[in-house]
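A closer look at the structure
Here's the letter readout for the chains.
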Protein chains: 2
Amino acid sequence: MTTMRELPHPAVADIRLPEVLHALADPVRLEMVQRLAENTGDENCIGVTDGITIHKSTVSHHFRVLRESGITSTRVDGRNRYVQIRREALDERFPGLLDSVLKALAA
Amino acid sequence: MTTMRELPHPAVADIRLPEVLHALADPVRLEMVQRLAENTGDENCIGVTDGITIHKSTVSHHFRVLRESGITSTRVDGRNRYVQIRREALDERFPGLLDSVLKALAA
DNA sequence: CACATAGTTTGATGTTTGCCAAACAATCAA
DNA sequence: TTGATTGTTTGGCAAACATCAAACTATGTG
């Protein structure tokens, strides 16, 4: 059977600026966010850190920081977790912030 | 006589995103940035932290973090230091970033 | 000169962070 | 059931960080 659930993440109103900025203020997490932004959303956790030599528990930690800050949401499907950027939520809470960061990353 | 100098700060091309985000990912520094953004630029260091109960050496530290990340520039005039946000530099390096942060702060 | 003013620098302290490794949990497949 | 896959959690460690306090620098003032 196909079970589906979502890992807990903050409501839009509870997303806080210092926490978001802190989550983004790490090179590894920035790289992850950049890759997530390029994704169609069909990639699992491992896919997002392909080519980055980093332990899986560290990856898990970074994903948690991103999720708890409100930047990402995680859908659990079987053994896989699919991580997505919460674009709508971020755009509503902090208009332009995500876009400017992604733009900066691209340059 | 009126001596004038500028404290060292990174060139536009050397401003790095993770460092900027890290500098902004602190509540005290965010508050300082918000006040600086509202300033005409005629206020000295102490003025920017009026009402924040924090030691002057800590303030000095935060100003250094902001300056070294490229967010601010500091003009030394006699005993006073006048801190300004480097709007042009930031807008050139990371278009929209500062504005979105300031907008988020205002809301 | 003596003193005040404005801020920096240098420890010291407690907290947070980023990382790995090992153990664990849950799902899927043979 | 046995084993492989995909992560999470816990523990430990070194580096980084925010803060304060005390000493110091530099400038202005009486």
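Above this text you will find the structure in question.
The sections below set out a description of the structure shown in this document. (Residues numbered from 1 in each chain as written. Chains lettered and ligands numbered in written order. Predicted model: local features only at pLDDT ≥ 70, side-chain atom pairs only at ≥ 80, totals over all residues. Heavy atoms only, no water.)

Overlay of chain A on chain B (RMSD 0.0 Å): rotation 180°, translation along the axis 0.0 Å. Such a combination of turn and shift is consistent with a two-fold rotation axis. Take the interface residues of chain A: 100% of them recur as interface residues in chain B, which is what a same-surface contact looks like. (Least-squares fit on C-alpha atoms with pLDDT ≥ 70 in both. Contact = heavy atoms within 4.5 Å.)

Residue and element names in this part refer to chain A. Taken in spatial order, the three strands of this open sheet run β1-β2-β3, and their pairing is antiparallel. What marks the edges here is a single partner per strand, and that holds for β1 (4-6) and β3 (80-85). Strand-to-strand twist in this sheet, taken as the mean axis angle between neighbours without regard to direction, amounts to 25°. Note that β1 and strand β2 (residues 72-77) share three bridges and pair antiparallel. (Pairing = 2+ DSSP bridges. Helix = DSSP H or I, 4+ residues; strand = E, 2+ residues; numbered from the N terminus. Axes fitted to C-alpha atoms, helices over the stretch in contact; angles between N-to-C directions.)

Below, the discussion takes up the sheet that holds strand β2 (residues 72-77) of chain B. Two strands in a sheet stick together by hydrogen bonds in their backbones, pointing the same way (parallel) or opposite ways (antiparallel). All names here are of chain B. Taken in spatial order, the three strands of this open sheet run β1-β2-β3, and their pairing is antiparallel. Since the sheet does not close on itself, it has two edges, and those belong to β1 (4-6) and β3 (80-85), each with one partner. Here the strands of the sheet are splayed against their neighbours by 25° on average, with no regard to which way each runs.

Let's shift gears to the interface of chain A and chain B. Taken together, the contact between chain A and chain B spans 16 residues of the former and 16 residues of the latter. Between chain A and chain B the total buried area reaches about 1,300 Å² when both faces are included, carbon and sulfur atoms providing 84% of it. Looking at the side of chain A facing chain B, the largest losses of area belong to Leu17, Leu21 and Ala25 of chain A, adding up to 31% of the total buried there. At the boundary of chain A and chain B, one finds zero salt bridges. The tally of links between chain A and chain B comes to zero residue pairs in polar contact (both at pLDDT 80 or more). Top contributing element to the side of chain A that touches chain B by residue count: helix α6 (residues 97-106) of chain A, with six residues. (Buried area = accessible area lost by both parts, 1.4 Å probe. Salt bridge = Lys/Arg side-chain N within 4 Å of Asp/Glu carboxyl O. Polar contact = N/O pair within 3.5 Å; in protein donor to acceptor, adjacent residues only side chain to side chain.)

All names here are of chain A. With six bridges joining them, β2 and β3 adopt antiparallel strand pairing. Along β3, the bridge assignment pairs Thr74 with Val83. Counted along the chain from β2 to the antiparallel partner β3, the turn is two residues long, and its residue Gly78 has a positive phi close to 65°.

On to the pattern of salt bridges, then. All names here are of chain A. Overall, the coordinates contain four salt bridges over all chains when judged by the stated rule. Measuring nitrogen to oxygen at the nearest pair gives 2.4 Å for the salt bridge that ties Glu19 to Arg16. As a salt-bridge pair, Glu31 and Arg35 come within 2.9 Å of each other at their nearest N and O atoms. Residue Glu31 and its partner Arg35 are both found in helix α2 (residues 27-38); the two are separated by four residues, about one turn of the helix.

All names here are of chain A. A cluster of like negative charges, contributed by Glu88, Asp91, Glu92 and Asp99, occupies part of the molecular surface. Here the negative patch takes three residues from helix α5 (residues 87-93), the largest share from any one element. Summarising the element assignment, Asp99 is placed in helix α6. Taking the relative accessible area as the measure of exposure, Asp99 reaches 44% and is therefore partly exposed. (Patch = residues over 30% accessible without salt bridge, like charges linked within 9 Å, V, L, I, M, F, W, Y side chains within 5 Å. Areas by Shrake-Rupley, 256 points an atom, 1.4 Å probe, with all protein chains shown as cover. Lys, Arg positive; Asp, Glu negative; His and termini not counted. Charge placed at Lys NZ, Arg CZ, Asp CG, Glu CD. Buried < 20%, exposed > 50% of the residue type's maximum accessible area, 1.4 Å probe, protein only.)

Read these as spatial facts, not as claims about activity.
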